[in-house]
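These are the residues of each chain, in order.
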Amino acid sequence: MSKRRIAFQGELGANSHEACATHFPDYEPAPHDSFEDAFDAVKRGDCELGMIPVENSIAGRVADVHHLLPESGLKIIGERFKPIHFQLMANPGVKLEDVKVAMSMPIALGQCRKTIRRLKLKTEATGDTAGAAKLLAENPDPTKAAVSPALAAEIYGLEILQRDIEDEHNNTTRFLVMTADKDPPPPPFTQPCITSFIFRVRNLPAALYKALGGFATNGVNMIKLESYMENGAFTATFFYSEVDGRPEDRNVARAFEELQFFSEKFEILGVYPADPFRTRG
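Nothing here was measured: the structure is a model prediction, and the numbers come from that model.

Trainee: Sorry if this is basic, but what is going on with the overall build of the protein chain here?
Mentor: A count of helical and extended segments in the protein chain gives 9 helices and 15 strands. For 281 residues, the compact-globule formula gives about 19 Å, and the C-alpha radius of gyration of the protein chain, at 21 Å, lands near that figure. By its C-alpha atoms, the protein chain is 65 × 50 × 40 Å across when sized along the principal axes. Burial analysis of the protein chain (281 residues in total) assigns 47% to the buried set. Carbon and sulfur atoms form 51% of the exposed surface of the protein chain, whose accessible area is close to 14000 Å². Of note, the protein chain has its 32 positive side-chain charges centred 4 Å away from the centre of its 39 negative side-chain charges.

Quick look at the structure:
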């Protein structure tokens, strides 16, 4: 019997691949070239789930994903936090002093900026972290090294020159788990939950202030609020937000009621258990 599949963006060996293997070991990780392709694979039913990175503790949000989420038609059913470690790897036999260029995804190069600068390496952007390792394996070059997860070195036969080169060792990426199920089972009421939603405020003076007032008066903790341009217009009226709690909670329900009074659009993208990582330390 074939395994169920979980979609991710990138080549085999990417951080997203590691996240899939860690959190969903019974699923077969399915690589895709772009976030759009990964979303589409879940929408078509080729994959049952998607593992999508949305933000990093050093580099910030993954911009492409936040624009895709509202239009994807998928639902968020979970979040996972993954400590991120990058290795500097090269073709077999290459020594560190031979390397002149570090190749990787720009967001990964940014997370290793201090180390790359200390080693006096130039940078070369690639589509994703594991893709840099695969490219180097297919096109050996003693002057280049890839900045990739350890799994990529194992898959593509590269040797690690320096381990854990990320600038901050608390480097962490947050992933969202996505499904095409329009009405996924609600999480148990015994678990602390997060509700993700989008809204667009009406074109009224102080509309955002009034729309958010209900969260303050009802004691709802808003943990994320981000604005986006919509359809290329230079306006900040479209928002992605997350709050502690679930829509059935009385205080959250009242806050949502007030929000919708001042909004033209409101949609819940998912209600899911809060990852225990949030309360560690």
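Trainee: In this structure, what is going on with the pattern of salt bridges? I would like to understand it.
Mentor: As a working rule, side chains carrying opposite charge can pair if their charged atoms are close by. Enumeration over the complete set of coordinates arrives at 15 salt bridges. The closest approach of N and O atoms between Glu 11 and Lys 134, which form a salt bridge, is 3.4 Å. Taken together, the residues span a long stretch of sequence, with Glu 11 in the loop between strand E1 (4-9) and helix H1 (15-23) and Lys 134 in helix H6 (residues 129-138) at a distance of 123 residues. By relative accessible area, which is 22% here, Glu 11 ends up partly exposed. Lys 134 gets classed as partly exposed once you look at its relative accessible area, which sits at 26%. The salt bridge involving Lys 224 is made with Glu 226; its shortest N-O contact spans 3.6 Å. The residues Lys 224 and Glu 226 share a single accessibility class, namely buried.

Trainee: Please explain the packing of helix H8 (residues 207-217) against helix H9 (residues 250-261) as it appears in this structure.
Mentor: Angle between the axes and distance between the axes are the two parameters that describe a pair of packed helices. Closest axis-to-axis distance for the H8/H9 pair is 7 Å, and the angle between their directions is 170°. The angle between H8 and H9 places the two elements in the roughly antiparallel class. Facing H8, whose interface residues are Lys 210, Ala 211, Gly 213, Gly 214, Phe 215 and Thr 217, H9 presents Ala 255, Phe 256, Glu 258 and Leu 259. A class-by-class count of the residues in the contact of H8 with H9 yields 5 nonpolar, 3 polar and 2 charged.

Trainee: Just checking my understanding: could you explain a negative patch on the surface for this structure?
Mentor: Judged by side-chain charge, Asp 33, Glu 36, Asp 37, Asp 40 and Asp 64 come together as a negatively charged surface patch. Element by element, the count of residues in the negative patch is highest for helix H2 (residues 35-44), at 3 residues.

Trainee: Help me understand the sheet that holds strand E10 (residues 159-162) in this model?
Mentor: As a general point, the strands of a sheet are linked pairwise by backbone hydrogen bonds and lie either parallel or antiparallel. The 5 strands lie next to each other as E8-E7-E9-E6-E10, forming an open sheet whose pairing is mixed. For this open sheet the edge positions go to strand E8 (122-125) and E10, each flanked by a neighbour on one side alone. On average, adjacent strands in this sheet sit at an angle of 40° to one another, irrespective of strand direction. Sheet analysis places strand E6 (residues 87-90) next to E10, joined by 3 bridges and oriented antiparallel. The partner of Met 89 across the bridge, within E10, is Ile 160. Most of the contacts of H6 go to strand E9 (residues 144-148), to which it runs at about 150°, and overall it touches E6, strand E7 (101-104) and E9.

Trainee: Honestly, the environment of Thr 172 in this entry has me stumped. Any pointers?
Mentor: With respect to the element layout, Thr 172 can be found in strand E11 (residues 172-179). Distance from Thr 172 to Pro 83, taken between C-alpha atoms, is 4.4 Å for residues 89 residues apart in sequence.

Trainee: Looking at this model, I keep getting lost on the pairing of E11. Mind explaining?
Mentor: Looking down a regular strand, the side chains alternate between one sheet face and the other. For E11, a buried count of 8 out of 8 residues is recorded, marking the element as mostly surrounded by other parts of the structure. What you see with E11 is no split at all: Thr 172, Arg 174, Leu 176 and Met 178 on one side and Thr 173, Phe 175, Val 177 and Thr 179 on the other are buried throughout. Bridging between strand E3 (residues 49-56) and E11 involves 7 bridges; their strand directions are antiparallel. Residue Ile 52 lies in a different strand from E11, and its bridge partner there is Leu 176. Of the pairings in the sheet, the one linking strand E5 (residues 75-83) to E11 comprises 8 bridges and is antiparallel in character. The residue bridging Pro 83 from the neighbouring strand is Thr 172, located in E11.

Trainee: Help me understand the environment of Gly 213, please; the structure alone is not making it clear to me.
Mentor: Relative to the helices and strands, Gly 213 is located in helix H8. For the pair formed by Gly 213 and Leu 259, sequence separation is 46 residues and the distance between their alpha carbons is 8.0 Å.

Trainee: Before we go on, may I ask you to explain the state of the cysteines in this structure?
Mentor: Disulfides are covalent bonds that connect the sulfur atoms of two cysteines. One pass over the structure, following the stated rule, counts 0 disulfides. Free of any disulfide, Cys 47 has its nearest cysteine sulfur in Cys 20, 9.2 Å distant.

Trainee: Mind showing me how you'd approach the nonpolar core here?
Mentor: Side chains of a nonpolar character, in soluble globular proteins, are inclined to be buried together. Core analysis: the biggest nonpolar cluster contains 24 residues, and Leu 69, Leu 176, Met 178 and Tyr 240 have the highest contact counts within it. Taken together, the elements giving at least two residues each to this core come down to H2, E3, helix H3 (63-72), E11, strand E12 (193-201), strand E14 (238-244) and strand E15 (263-273). Examining the composition of this core, we find that 5 residues originate from one element, H2, more than from any other. Those residues in contact with Met 178, other than ones at most four positions away along the chain, are Phe 39, Val 42, Glu 48, Leu 49, Gly 50, Ile 52, Leu 69, Leu 74, Lys 75 and Ile 76. Counting residues in hydrophobic clusters, the runner-up holds 23 residues, among them Tyr 27, Leu 136, Ala 146 and Val 177.

About the cut-offs
- Residues numbered from 1 in each chain as written.
- Predicted model: local features only at pLDDT ≥ 70, side-chain atom pairs only at ≥ 80, totals over all residues.
- Heavy atoms only, no water.
- Helix = DSSP H or I, 4+ residues; strand = E, 2+ residues; numbered from the N terminus.
- Rg over C-alpha atoms; globule rule 2.2 N^0.38 Å.
- Buried < 20%, exposed > 50% of the residue type's maximum accessible area, 1.4 Å probe, protein only.
- Areas by Shrake-Rupley, 256 points an atom, 1.4 Å probe, with all protein chains shown as cover.
- Lys, Arg positive; Asp, Glu negative; His and termini not counted.
- Charge placed at Lys NZ, Arg CZ, Asp CG, Glu CD.
- Salt bridge = Lys/Arg side-chain N within 4 Å of Asp/Glu carboxyl O.
- Axes fitted to C-alpha atoms, helices over the stretch in contact; angles between N-to-C directions.
- Parallel < 35°, antiparallel > 145°, perpendicular 65-115°, else oblique.
- Contact = heavy atoms within 4.5 Å.
- Nonpolar A, V, L, I, M, F, W, Y, C, P; charged D, E, K, R; others polar.
- Patch = residues over 30% accessible without salt bridge, like charges linked within 9 Å, V, L, I, M, F, W, Y side chains within 5 Å.
- Pairing = 2+ DSSP bridges.
- Disulfide = S-S within 2.5 Å.
- Core = buried A, V, L, I, M, F, W, Y, C linked by side-chain atoms within 4.5 Å.

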